[in-house]
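Structural overview
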Amino acid sequence: MGEWKKSGCILCAQNCGLELEIEKNHIIKVRGDKDNPRSLGYCCRKGLRIAHYARNGDRLHYPLKKVGDHHERISWEQAIGEISEKLLSIKEHYGPKSFAYVGGGNVGGQMEVGTGLRLLSFLGSRYYYSSLAQEFSNVFWVDGRIAGKQGLTSMSDAHRADTLVAWGWNGWMSHQEPRTRILLKEFAENPQKKLIVIDPRLSETAKFADIHLALRPGSDTLLLKAIIRIILDQEWEDKKFIEDHVNGWDEVAPLFNGFESKRAVEEVCGLNYEDVVEVARVISQTKSCIHQDLGIYMNRNSTINNYLLHILRAMTGRLAVEGGQIFPAFLYPMGSDSDERNPKTWRTVKHKMFPVLGVFPPTILPDEIISDHPERIRAMIVSACNPLRSWPDTLAYEKAFQALELSVCIDIAYTETARLCDYILPSLSYLESYDTTCFNYSYPEFYFQMRQPVLEPISPEAKEGSAIILELIKAMGFLPQLPDSLYEAGKKGITPYLGTMNAYLMENPQYARFAPLILAETLGKALGSVNQALIVGLLINSSKAFKTGAVAMGYPADMTMVEKMFQDILEHPQGLVLAKFQGDNFQMLRTEDKKLALKIEELFEPLQAATIDKERADLKLPENYPLILHAGLHHETVANTMMRNPQWNGSERWATMLMNEADAKDLGISDGDKAKITTKASAAEIEVEISPYAAQGCVYIRHGGGLIYEGTQYGVNVNELVHSTDRDEMCTPIHRRIPCRVEVKSSK
Ligand SMILES: Nc1nc2c(c(=O)[nH]1)N[C@H]1C(S)=C(S)[C@@H](COP(=O)(O)OP(=O)(O)OC[C@H]3O[C@@H](n4cnc5c(=O)[nH]c(N)nc54)[C@H](O)[C@@H]3O)O[C@H]1N2
Ligand SMILES: Nc1nc2c(c(=O)[nH]1)N[C@H]1C(S)=C(S)[C@@H](COP(=O)(O)OP(=O)(O)OC[C@H]3O[C@@H](n4cnc5c(=O)[nH]c(N)nc54)[C@H](O)[C@@H]3O)O[C@H]1N2
Ligand code: SF4
Ligand SMILES: [Mo]
């Protein structure tokens with residue numbers, strides 16, 4: 001019999017509450033935590049197998065340094081000393097643009113970003129690259145324009161909707177909504193609710209649909225334009241909502257003048273027009289919610305499609321409303337506002353690409369390293385991210401890492417990225433440390449969970465990622481000498497600490513911008529955790545809306561709020577509600593008049609240029625690549641690159657490429673045969689699985705394959721098949737549409 005402890009799942013952004021039975025520092029049983037206010041006991045197959053994340057043969061135990069072609073153990077002192085010296089020397093020789101900070105957290109935890117971004121800024125650089133810009137730059141950019149500022153990322157509020165549209169989202173497998181399978185079943189079973197799935201294939205989610213529009217892959221722009229045109233023709237738009245809450249409608253509506261919806265739907269999207277009219281009716285006439293996902297974000301026309309989706313929501317009164325698409329408030333936003341129209345916004349030296357939400361895109365990073373520009377990137381710290389498997393064009397990344405003068409990886413495992421780095425620093429895992437994620441979003445109740453350590457560290461040398469970066473910052477001399485009084489005050493409690501800190505900053509206003517780091521260093525020491533101190537910092541710096549919402553929950557309005565709240569957080573390892581937002585969702589907007597700014601002038605031209613004829617021509621595949629590779633299915637047998645031991649999937653068949661029966665017949669391929677798949681980037685051999693879940697003309701390889709576990713590679717790394725030029729206007733990769741060809745290699 002072990003001890004049951006409350007924690008959270010770190011394997012997807014739902015971060016469900018979990019209870020773990022721990023015996024002798026091993027997880028022996030897992031169950032969903034009914035006390036978690038958001039997940040309410042829900043847990044999927046991945047969460048149940050989380051023990052494979054905590055313990056695996058690739059865990060790191062001490063700092064390593066590359067010597068020749070292998071890594072050797074070194075001390076922390078040597079690691080911090082050498083890395084900080086090299087960083088300063090590279091900066092001195094080549095300037096601040098030569099440094100990039102990469103990752104900083106994944107779906108399981110992000111507190112190390114709190115120190116990582118400050119290290120970046122101390123070195124004078126703004127080059128922060130993360131996986132966020134591999135999916136969301138397109139939608140973050142559109143959200144930013146419509147809401148008035150980047151950082152207010154909108155999300156679907158499916159549980160309160162009557163119609164749920166799954167657009168390029170396979171929720172049954174990927175979740176992406178709280179308690180997704182329960183939600184989808186509720187939509188399937190309740191006659192008052194409708195599930196519409198817009199996906200070229202019969203996905204696992206589409207099986208539950210009332211209406212499934214199996215559109216031609218990549219024809220979403222025309223379908224969206226058609227739905228909008230139909231609503232206008234039928235006068236189904238919500239005129240009152242538009243009048244009250246939308247600016248720019250008079251200029252947006254004419255963009256759809258003369259659009260031939262029937263012809264687009266039938267000739268290009270390959271759909272029945274009556275079905276599309278019905279979908280337009282249901283979206284506009286019921287309490288509808290559209291959840292779009294990677295089928296849109298990682299596809300052609302991603303920015304225009306996100307714009308069209310918001311136009312559709314706004315004209316039907318479903319944007320910034322409960323049960324539709326809402327702008328939730330965060331304790332901390334996913335990133336900072338960056339506006340490329342401001343000439344001070346940094347661009348990359350080679351591609352002149354701008355950041356979105358403060359993040360630069362992974363598709364161009366290899367070019368920015370390999371470039372012969374004098375200010376090219378030469379030094380990089382990667383933490384909690386695995387670009388060598390997660391980011392497009394592995395072959396380009398392999399070359400780029402060779403061209404770096406300093407590469408450092410902070411991880412829990414000897415990953416494919418770690419293998420190429422000069423230094424590898426061992427982090428505590430998310431189950432061995434205090435951490436939280438920015439995915440705590442909910443509205444109007446603000447739910448929050450700080451996970452607490454439930455396992456003893458496997459390695460006595462491992463540290464919090466944030467603490468490692470803080471060590472580097474200190475070794476480079478960026479932090480002032482801090483008085484003992486600050487260290488001492490932390491031991492007396494948070495309120496006395498804040499008093500001492502305020503007094504210190506009044507006397508030393510020049511250090512105000514270092515406040516979070518001073519907190520991390522001094523309060524972090526008192527609490528025994530930098531991450532905890534950073535979370536206290538988030539509470540201190542929370543928005544006015546958050547603080548007002550917390551007072552409405554009964555928290556004191558004065559300085560003691562932070563201490564009281566942090567105490568509650570510690571006493572509720574299952575998570576809790578910290579605030580209840582007041583007023584309607586429009587109050588979250590950053591536009592001056594709190595209206596939706598629907599007019600995005602830069603997109604008018606490309607939106608209109610996407611005509612039926614142009615789209616038809618653009619959708620044609622090259623003759624030598626007649627099939628579409630869906631590069632990275634987020635299937636239940638995948639957990640990004642977090643579960644390294646392939647045994648976590650038992651005897652489940654997971655390393656295959658899914659193919660439609662008709663395509664297999666055409667190519668003379670049988671189930672279990674080895675096929676060769678070729679793309680512009682490269683070629684690979686892979687076992688074919690004939691599947692009802694594959695659309696004709698498309699093949700599907702799961703995301704996260706090709707991990708090297710204890711020295712052996714398992715499965716195909718799909719990012720070897722993606723070329724860095726397979727990207728869209730926001731530089732997000734077009735992983736859902738990689739032209740390819742497939743040939744039979746050997747029969748089983
Ligand atoms: N089990 C599991 N769950 C996960 C993850 C995991 O690794 N494993 N990862 C998590 C992460 S980080 C993410 S971002 C999410 C991703 O979650 P999803 O976005 O749901 O993942 P995908 O597998 O890409 O599913 C996208 C759907 O888009 C469809 N699609 C492809 N092309 C088109 C098209 O042209 N038009 C339309 N309309 N649809 C198209 C595909 O057929 C597919 O069903 O999953 C999360 N959940
Ligand atoms: N071709 C293709 N590529 C894709 C996708 C696709 O669909 N197709 N999907 C993309 C998507 S949506 C996403 S979100 C990304 C995800 O890709 P990444 O951002 O790379 O995230 P993960 O694979 O979840 O984990 C990254 C690293 O975090 C490490 N890690 C785990 N726990 C800890 C910890 O406690 N501390 C530290 N420091 N490190 C830890 C893991 O060992 C792993 O090496 O992949 C993307 N890549
Ligand atoms: S839905 Fe996501 S967070 Fe919840 S148990 Fe499954 S993998 Fe973990
Ligand atoms: Mo993702």
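Model, not experiment: these values are computed from the prediction.

**A few points about the side chain of Ser-137**
- Relative to the helices and strands, Ser-137 is located in helix H5 (residues 137-147).
- Looking at Ser-137, the relative accessible area reads 2%, which means it is buried.
- Other than its neighbours up to four places away in sequence, Ser-137 contacts Leu-132, Val-356, Met-730 and Thr-732.

**Some details on the UniProt feature "domain: 4Fe-4S Mo/W bis-MGD-type" (unreviewed entry) in the protein chain**
- Per the UniProt annotation, the sites labelled "domain: 4Fe-4S Mo/W bis-MGD-type" (unreviewed entry) are residues 2-58.
- Between the end C-alpha atoms of residues 2-58 there is a gap of 25 Å, over a span that is 14% helix and 35% strand.

**Some words on the site of ligand 3**
- For ligand 3, the full set of nearby residues is Cys-9, Leu-11, Cys-12, Gln-14, Asn-15, Cys-16, Cys-43, Cys-44, Lys-46, Gly-47 and His-175.
- With respect to the pocket detection grid, ligand 3 is positioned in the second largest cavity.
- Class assignment for the residues of the shell around ligand 3 results in six nonpolar, four polar and one charged.

**Overview of the sheet that holds strand S11 (residues 211-213)**
- Spatially, the four strands line up as an open sheet ordered S11-S10-S9-S13, and their pairing is parallel. Each of the sheet's edge strands pairs with one partner strand only, and the pair in question is S11 and strand S13 (288-292). Neighbour-to-neighbour, the strand axes of the sheet open up by a mean angle of 15°, direction not taken into account.
- With five bridges joining them, strand S9 (residues 163-167) and strand S10 (residues 194-198) adopt parallel strand pairing. For Ala-166, the partnering residue across the bridge sits in S10 and is Val-197.
- On top of the sheet, helix H8 (residues 220-234) reaches S9, S10 and S11; it is set at about 150° to S9, its chief contact.

**Some words on the packing of aromatic side chains**
- Evaluation of the coordinates by the stated rule reveals 17 aromatic pairs.
- A ring pair is formed by Tyr-443 and Phe-581, whose centres lie 5.9 Å apart and whose planes are at 10°; its orientation type is stacked. Placement of the pair is Tyr-443 in the loop between strand S17 (423-426) and strand S18 (445-448) and Phe-581 in the loop between strand S19 (576-580) and strand S20 (596-597), with a sequence separation of 138 residues.
- Residue class for Tyr-443 comes out buried when judged on its relative accessible area of 6%.

Cut-offs used in this document
Residues numbered from 1 in each chain as written. Chains lettered and ligands numbered in written order. Predicted model: local features only at pLDDT ≥ 70, side-chain atom pairs only at ≥ 80, totals over all residues. Heavy atoms only, no water. Helix = DSSP H or I, 4+ residues; strand = E, 2+ residues; numbered from the N terminus. Buried < 20%, exposed > 50% of the residue type's maximum accessible area, 1.4 Å probe, protein only. Contact = heavy atoms within 4.5 Å. UniProt positions renumbered as here; feature names shortened; annotations may be inferred. Near = heavy atom within 4 Å. 1 Å grid on protein atoms, 1.4 Å probe; cavity = no way out; pocket = protein on both sides within 12 Å on 5 of 7 lines; lining within 4 Å. Sits in = over half its atoms within 2 Å of the grid points. Nonpolar A, V, L, I, M, F, W, Y, C, P; charged D, E, K, R; others polar. Pairing = 2+ DSSP bridges. Axes fitted to C-alpha atoms, helices over the stretch in contact; angles between N-to-C directions. Phe/Tyr/Trp six-rings, centres within 6.5 Å; stacked < 30°, edge-to-face > 60°.

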